Structures are given as structure tokens and as C-alpha cells.
Amino acid sequence: MMVRNRSVVRRILTVDLPVLLILCFTLSPYLWMALTSVTEKSKLFTEGPSLARATLENYSRLFSTVGFGRNLLDSFIVAGGTMVVGLALAVPAAYAFSRFRFRGRRLLMLQFLLINMFPLVLLILPLFILMRSLGLVDTYLALIIANSTVAIPFSVWMMTSYIDNIPRSLDEAAMTDGCTRFGALFRVVLPLCTPGIIATGVYIFITAWNEYLYALTLGGRSVKTITVAIQTLIGEYQIEWGLLTAGGIVGAMPATLLFLFVQKRLIAGMTQGAVKG
Amino acid sequence: MSALQAPPVPLSRRVLPYAMLSPAVLVTLAIVFLPMIQAVWMSLHDYVLFRPRVFDFVWFKNFQTALADPVFWISLRHTVIWIAITVPAQMLLGLATALLLNQEFPWRGLARALVIIPWALPSVVIALMWVWIYDSNYGVLNDLLLRMNLITASVPWLANPDTALYAIILTLTWQGFPFFAVMILAGLQGIPKSYYEAAAIDGASNFRQFWHITLPGLAGVLMTATLLRIIWVANSIDVIFVMTGGGPGYSTYTLPLYAFINARTGLNYGYGSALAVSFTLVLLGFVILYLRRAGRNIG
């Protein structure tokens, strides 16, 4: 009994406490922002952020005077559109990479990896010129296209790793039983990798939701995503930290919740490639 | 003669993979590779957006201008400092976190889920909350340091040219270390337990086990994650752009940020593209290293 107690104390000192310290470091900026956002305006600069007499006034101002609802909708359309485009293109491509061996396969796979490595600045300048000449600046389509430059290559790789994990013997069995290849794809492979498709879709959604530089450059008055709106707030309401932090919380909420929802599967898919390396 | 060959693959089966790939490949050609060629093309021209008629081919004049431009060298220096501090800091913190999260303790699942939160936040929000933390009048960092008597007067962290870059580096470290932790954690789980058992029987200390089993076992993951991170950290300009916009003065300019600001506010797309192309060339070595590692795993 003594020995066991001592080992528990030791564990708390060498594991639990350091973990707690690291979690403090990761979470405290976020919690501090949340705390600031519910502090009354008059109290913020005299007593500092506190939970006493917490108020949601900043949040209601965000929607009534600043018009955050509209920005949330814009972000939602852009992120949702990117998700649809990304998945529609990536799933067939990933199936081909996973189930066929053909000439140029390696080169094409590396091509998709290479795109992810290109600096965003190199792309953002010509994309702006391109969208301007097509008259697409300040439209949803421009932002969906721009976000797809990131979403397509990433989801091709992620989906390939998910489909690789479904044993080939399953679709081969379906095909010997008289299914066509597409029948096997739709009845066997796709249903089995639904969790992977959801995780990939959520990942695309999160990155498109969080994206800022494309939204700033290619957006405008009629399409203004939440990230750009938050940045504009910083400029307009310089010292109104209550309002600003409320904006930050609202802007981060959808992505954070979605992420916590799929994180296990997402991380499994993302780390797989790296661990093999 | 055909008896010796494998049965011919039907044409439909040979064409099918290309047909399934073509939408994704064609779209990426149109929205990634074409614009990229255009960027290189623009970098060889005089092209300022408020003089749209002028598009003169000037060979490498923009690149020569860059080499003679002091801001180019300042930005390049910051890029090097930026990567050289941020990536190792993220890696060490990530390694420590992963080793801890690999131990047995009751709330391990919860801790693992919470530690990755910074990674899911929009960079604009990250920039916003750290600007608030660093605020020189009401910021919590100054408040804490004053209370602990570590400083005697508030420090304007982001407005002081000597501290601004390092303040942003701390923010980036905070944002990026969970990625390392998650990757390394996955790597740790790939090291067979029997190695440690054998070493323990031979009387190896914890430190020796770490040095001779854990680190070699993680080498591959560490290498891949570090290369990926170097590329991403070098590329990430949104946090700096929102936190300081490159200021005060040029003290937080990095090369891609300089290219972006040049095109965005100066509307000088020719010179901006030249800066972006130069930055890409600087980064290319790391990209090739990473692609070679990743290429080996394609079965």
C-alpha cells in the first residue's frame, strides 16, 4: 500500500503536474479572451476582466450593430462550397491512386504534394490578377476557387490514406459477385470510408473557415468572411477589447467545435503518412 | 506469342484511373500551376497596377533591384531568425508534450483532446488574443510580470522594434507545437514495447532508454515533421500581418510578408512577384528534401 501511494505521488509530480502546466499554456490565452468578452465595458479598464456580474452585451452588440450574422453566413457559404468542390474532386482521384497501378502514378501523387508546399504569396498575386480580369473579385466563387488550391491536394492525400486502409479483397469480392467496378465503389468502398470522408470534409471546412489572406485579397464589400470582419473590428474599435474578444470567440467557435467532434479520426489520417516516413 | 504474355489489360481499365484523376488534375493545373507560371512571368516585367498599360519585359531587373534593396535583406534575415527559433521551440515543446501524454494517467484522453485546440483556431483570432495579451496598458502579460517584479515598467511588446519579432515568435510557437506533439505521439506508439522491456532487463536507465530507443525510433517522424513545419512556418504571414503589419518600421518583415505588402499596398505586382519567386527559390531546398522523403513511401 505504501509503495503504491508513493508511486501515485511520483506520477502526479512527474506527469500530471507538467501536463497541467502545458495545458495552462495552451488554454489560458483562449480562456482569457473568453473572460474578457463577458466583462462589462466600464469595468474592463478599471478592475480588469472578471466573472463577477458577467454580461453578454458584447455578443448582442456584435450581431445588432456590427452585423456579424452576415459575415458568418458568408464564411459558411465559402467553407461549405470549398468542402463540396474539394470532396467531389478528391474522392475519385484518391480511389484511382489507391486501387490502380498505372504509369505516372508516383509523379501525379507527388504533384499534389508539391502544391501544398508552394508559398501562398506566390499564388495570391496572380490569382488576384486572374480574378480581376474574369470579373470575379468579391464573389463567393473567387474565394471557393482560392481555397480549393489548398483543399484539393490535401484531401487527395488524406482520402488516399483512408481508402488504402480498406482491404482490396472487399471490393474484389464484390466484383466477383457480379458488381461492376462502380457498383463496388458505391456499395462497398464509399460506405466503408464515410468516416474518412467526413473527417476530410470537416478538415477542408475548418481550413477554409479559418483562411484570411485570400478572403482579404479576393473578398470585398459583398463577400466579407468572418476572419476579415474580425480584422476590420480591430481597426475600427481599437480599444474596445470586450467587443473584439467576443468577435474572436464567435469566429473561432464553429471550427473548434467541429474539430473536437472529429479530432480522433482526423489525427489518425493526418499522422499516418508522417509516421510511415 | 501472346501465350507468354500476361492477359492484356482491357482498354477501359487502363483509361479508368486517368479518367477518375483528370478532374482533380485539370482543376489544379488551372488554378495552381497556371497562376504560378503567370507569377514567374510577371516577375520579369515592369507591372504596377495603377499603370495597367505598362507591361514591359525587363528580364531580371526586378531581381537585381531586390538584391540591392536593403529591405529585402532585412526581411531575409528575419525569415531566417523566424524559422531558426520557432521550429526548434515548437519541436522541443512538442516532444516534451508527446512524452508526457504517452504516460499512463487517468485524464489522458481529455488532455490529448485539449492540447490541440490552438491548432484549430483561425490565425486572425490567434493574432487578436495575443495582441490583447501583449497590450502595453492593460495587457495581462505586463500585469503579471509587474506583479512578479520581473519588470519595473510596462513593456510595449509589439511596438518596440527589439521585442516585436520575438513576441510574434512566441505566438507562433504556441500555435504550432501541438502539431509536433500529435505527430510525435503517433510516432511513439509505433515503437515496440518489447524494446523497452529488454532494455529494462539489461538495466538501462530511463535516460539511456530515451537516448537509445525513443530518439532513434522517432528520427523519421521528427525529420518529416520538421521539414513540413519549416515550410509552413516560413509561409505563414497572416499572424504577423494582423499583429503588426510588419512594423514597427521593418522590424517584423519576413520575405513573403514583404512580397505581399509590396503588391497589396504598393500595387507593384512585378516587383512583388519577383520577391515571391525569390522566396520560393530559398525554400525550394526544403521542399525537395520533403518530397524525396514522401516519395519513398509511395507504393
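Residues numbered from 1 in each chain as written. Chains lettered and ligands numbered in written order. Predicted model: local features only at pLDDT ≥ 70, side-chain atom pairs only at ≥ 80, totals over all residues.

The helix and strand tally for chain A stands at 13 helices and zero strands. Counted from the first residue to the last, chain A has its helices and strands arranged as α-α-α-α-α-α-α-α-α-α-α-α-α. For chain A, the C-alpha radius of gyration of 24 Å lies well beyond 19 Å, the compact-globule estimate for 277 residues. Taking all 277 residues of chain A together, 45% fall into the buried category. Residue pairs in contact within chain A that sit at least 24 positions apart in sequence constitute 78% of those at least 6 positions apart. (Helix = DSSP H or I, 4+ residues; strand = E, 2+ residues; numbered from the N terminus. Rg over C-alpha atoms; globule rule 2.2 N^0.38 Å. Buried ≥ 20, exposed ≤ 12 C-beta atoms within 10 Å, placed from the backbone. Contact = placed C-beta atoms within 7 Å.)

Counting its regular elements, chain B contains 13 helices and two strands. Taking the principal axes of its C-alpha atoms as reference, chain B extends roughly 90 × 75 × 30 Å. When contacts within chain B are restricted to residue pairs at least 6 apart in sequence, those whose partners lie at least 24 apart make up 69%.

Before going further, it helps to examine the packing of helix 6 (residues 120-134) of chain A against helix 13 (residues 269-296) of chain B. Interhelical geometry of helix 6 of chain A versus helix 13 of chain B gives an angle of 150° and a closest axis separation of 8 Å. Taken as axis vectors, helix 6 of chain A and helix 13 of chain B run roughly antiparallel relative to one another. Our pair here, helix 6 of chain A against helix 13 of chain B, has a crossing hand that is left-handed. Taking contact as the criterion, the partners of Val121, Leu122, Leu125 and Ile129 of chain A in helix 6 of chain A are, on helix 13 of chain B, Tyr269, Gly272, Ser273, Ala276, Val277, Phe279 and Thr280 of chain B. In terms of residue class, the contact of helix 6 of chain A with helix 13 of chain B is made up of eight nonpolar, three polar and no charged. (Axes fitted to C-alpha atoms, helices over the stretch in contact; angles between N-to-C directions. Parallel < 35°, antiparallel > 145°, perpendicular 65-115°, else oblique. Left-handed = near helix turned anticlockwise from the far one by under 90°. Nonpolar A, V, L, I, M, F, W, Y, C, P; charged D, E, K, R; others polar.)

Let's shift gears to the interface of chain B and chain A. Opposite the 74 residues of chain B that make contact, chain A presents 73 residues. When residues of the side of chain B that touches chain A are assigned to their parent elements, the largest contribution, 15 residues, is made by helix 1 (residues 11-43) of chain B. The class makeup of the residues in the side of chain B that touches chain A is 57 nonpolar, 15 polar and two charged.

Next up on the list: the nonpolar core. Counting residues in each nonpolar core, the largest one holds 161 residues, and the members touching the most others are Ala90 of chain A together with Leu275 of chain B. Aside from chain neighbours lying at most four places away, what touches alanine 90 of chain A is Ile152, Ser155, Val156 and Met159 of chain A together with Ala24 of chain B. (Core = buried A, V, L, I, M, F, W, Y, C linked by C-beta atoms within 7 Å.)

We now examine helix 10 (residues 194-210) of chain A. Taking 1.5 Å as the rise per residue, helix 10 of chain A with 17 residues should run 24 Å; its terminal C-alpha atoms sit 24 Å apart, in good agreement. With 13 of its 17 residues buried, helix 10 of chain A lies for the most part within the structure. (Expected span 1.5 Å × (residues − 1).)

A separate point is the environment of arginine 101 of chain A. All names here are of chain A. With respect to the helices and strands, arginine 101 occurs in the loop between helix 4 (68-99) and helix 5 (105-117). Classification of arginine 101 as exposed rests on a count of 9 C-beta atoms within 10 Å. Once the C-alpha coordinates of arginine 101 and isoleucine 22 are considered, the two residues, 79 residues apart in sequence, prove to be 46 Å apart.

In this section: the packing of helix 8 (residues 168-176) of chain A against helix 9 (residues 181-192) of chain A. Residue and element names in this part refer to chain A. Following both chains from N to C, one finds helix 8 and helix 9 inclined at 130°, their axes separated by 9 Å at the closest point. Relative to helix 9, helix 8 is oriented oblique. Between helix 8 and helix 9 lies a crossing whose hand is right-handed. Mapping the contact onto sequence places Leu170, Asp171, Ala174 and Met175 in helix 8 and Arg181, Ala184, Arg187, Val188 and Val189 in helix 9. Of the residues contributing to the contact of helix 8 with helix 9, the split by class is six nonpolar, no polar and three charged.

Residue pairs three or four apart in sequence face the same way in an α-helix, which turns once every 3.6 residues. Here helix 13 of chain B spans 38 Å end to end across 28 residues, near enough to the 40 Å set by a 1.5 Å rise per residue. The sharpest bend along helix 13 of chain B measures roughly 45° and falls at leucine 283 of chain B. (Bend = angle between axes of the 7 residues up to and from the residue.)

Moving on: the environment of threonine 86 of chain B. Checked against the element boundaries, threonine 86 of chain B lands in helix 3 (residues 70-101). Setting aside chain neighbours within four positions, we find threonine 86 of chain B in contact with Ile169, Leu172, Thr173 and Val233 of chain B.

In this section: unusual backbone geometry. Phi is positive for aspartate 138 of chain A, close to 70°, though the residue is something other than glycine. You can see aspartate 138 of chain A is positioned in the loop between helix 6 and helix 7 (140-164). In this structure, asparagine 149 of chain B is a non-glycine residue whose phi angle is positive, near 60°. Residue position: asparagine 149 of chain B is located in the loop between helix 7 (140-147) and helix 8 (164-188).

Moving on, we come to the confidence of the model for chain A. Taken as a whole, chain A shows an average pLDDT of 85; of its residues, 95% reach a score of 70 or greater. Looking across chain A, the model is least confident in helix 2 (residues 41-44) of chain A, with a mean pLDDT of 76, and most confident in helix 4 of chain A, with 92. (pLDDT = per-residue confidence, 0-100.)

Now for the confidence of the model for chain B. Residues and elements named next belong to chain B. Mean pLDDT over chain B works out to 86, with 97% of the residues at or above the 70 mark. Within chain B, no element has a lower average pLDDT than strand 2 (residues 56-57), which sits at 78, and none a higher one than helix 3, at 92. Overall fold confidence (pTM) sits at 0.87, and the ipTM for the predicted complex is 0.86.

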